[in-house]
Amino acid sequence: MLNKLVDIVRNPVTTIIKKAETEDIRKEAIKAVILSLVIALVDLISTVISIISKFTKNDFWYKNYTSSQLWEKRFEAMGKAELFSSFFKSFVIALIAIAVIAGILFLIARIAKSKKSYDKMLSMVNNVVIISIIGTILKLILSFIYEPLALLVMFGVSVYAFFSLIFAFRDSLEIENADILVLATTVVLSIVTVILVVILCAVSGVALSDIGGFVDMLG
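Residues numbered from 1 in each chain as written. Predicted model: local features only at pLDDT ≥ 70, side-chain atom pairs only at ≥ 80, totals over all residues. Heavy atoms only, no water.

S.K.: How do you make sense of helix H4 (residues 67-81) when you look at a structure like this?
M.R.: Each full turn of the α-helix corresponds to 3.6 residues, which orients residues three or four apart in the same direction. Helix length check: H4 (15 residues) gives 21 Å between terminal C-alpha atoms against 21 Å at 1.5 Å per residue, within 8%. Taken residue by residue, H4 has Leu70, Arg74, Ala77 and Met78 as its buried positions. Angularly, the buried residues of H4 cover 100 degrees about the axis, an arc narrow enough to put them on a single face. Facing away from the buried side of H4, by more than 90 degrees, are the exposed residues Glu72, Phe75 and Lys80. Against the buried residues of H4 lie helix H3 (25-54) and helix H5 (83-111). (Helix = DSSP H or I, 4+ residues; strand = E, 2+ residues; numbered from the N terminus. Expected span 1.5 Å × (residues − 1). Buried < 20%, exposed > 50% of the residue type's maximum accessible area, 1.4 Å probe, protein only. Arc of directions from axis to C-beta. Contact = heavy atoms within 4.5 Å.)

S.K.: Please clarify how unusual backbone geometry should be interpreted in this entry.
M.R.: One can expect most non-glycine residues to show negative phi and most peptide bonds to be in trans. A positive phi is found at Glu82, a non-glycine position, where the angle reads about 50 degrees. As for its position among the elements, Glu82 is in the loop between H4 and H5. With a phi close to 65 degrees, Lys113 is a non-glycine residue in the positive phi region. Take Lys113: it is sitting in the loop between H5 and helix H6 (118-142). Its relative accessible area of 70% is what places Lys113 among the exposed residues.

S.K.: Would you mind showing me how to read the pattern of salt bridges here?
M.R.: Two side chains bearing opposite charge may form a pair once their charged atoms approach each other closely. On inspection of all chains with the given rule, the structure shows four salt bridges. In this structure, Lys116 and Glu21 form a salt bridge, with 2.8 Å as the shortest nitrogen-oxygen distance. Here the residue Lys116 occupies a position in the loop between H5 and H6, and Glu21 occupies one in the loop between helix H2 (12-20) and H3, the gap between them amounting to 95 residues. We classify Glu21 as partly exposed; its relative accessible area is 41%. A salt bridge links Lys31 to Glu28; the nearest nitrogen and oxygen atoms lie 3.7 Å apart. Placement of the pair is Lys31 and Glu28 together in helix H3, with a separation of three residues, close to one helical turn. (Salt bridge = Lys/Arg side-chain N within 4 Å of Asp/Glu carboxyl O.)

S.K.: Which parts of the structure should I look at to understand H5?
M.R.: The first and last C-alpha atoms of H5 sit 42 Å apart over 29 residues, in line with the 42 Å expected at 1.5 Å per residue. Listed in full, the buried residues belonging to H5 are Leu83, Ser90, Phe91, Ala94, Ile98, Ala102, Gly103, Ile104, Leu105, Ile108 and Ala109. Buried residues belonging to H5 abut H3, H4, H6, helix H7 (147-173) and helix H8 (178-204). Where H5 ends, the next residue or the one after it, Lys113, has phi of about 65 degrees, a positive value.

S.K.: Looking at this structure, how should I read the packing of aromatic side chains?
M.R.: Enumeration according to the criterion identifies four aromatic pairs in this entry. Centre to centre, the rings of Phe106 and Tyr118 are 6.2 Å apart; their planes meet at 85 degrees, and the pair counts as edge-to-face. Of this pair, Phe106 sits in helix H5 while Tyr118 sits in helix H6, and the two are twelve residues apart along the sequence. Each ring, one from Phe162 and one from Phe163, has its centre 5.2 Å from the other, and the planes form 80 degrees; the classification is edge-to-face. An aromatic cluster is present here, built from Phe162, Phe163 and Phe167 joined pairwise through their rings. We note Arg74 situated over the ring of Trp71; from NZ or CZ to the ring centre the distance is 4.5 Å. (Phe/Tyr/Trp six-rings, centres within 6.5 Å; stacked < 30°, edge-to-face > 60°. Lys NZ or Arg CZ within 6 Å of the ring centre and 35° of its normal.)

Nothing here speaks to function; it is all geometry.
Written as structure tokens, this is what we have:
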């Protein structure tokens, strides 16, 4: 297991492509669920740590509190944070995000006339998510030492994971004409952007005409 993680970090593109050729949809679906649970768990731990660190004697407002009073404040804050529902929401959002990103890559591949299946794209996304989770855990640990360093490491890992996915996806398609890949990417991302805008407008109750007016004002 550790060797596999090292391979993904050291040789992300080649490892991601190689793994994508050996996995099937069932294994990748299970892996996506497990990774989503890990993301939700890490997010939950991060929230709890944030709440505990907020109520300490080092804070001006709580310097005269006793240990039991501080824990009362912490448990009160944890109750208001609704940790269980937050965990479930994080899990669902992470799972949907993984599935959607894999779907976007699959559509781009299809338009670019590649025969790569959805499970291959899902495998790539899953392995990149592993890199991101490692970065998140490192950020969590380093935040106890020096917060700016933790943010810098997280930024670096995010960039590393993003380009690992981009280059692995590009190389896996094995197409000589990059022009059609650019066209396919533009079409799919444009459609996805429009769909997201419509969904956000529906959820927030904002009319599309209001967005158009705002854009005209900026122009």
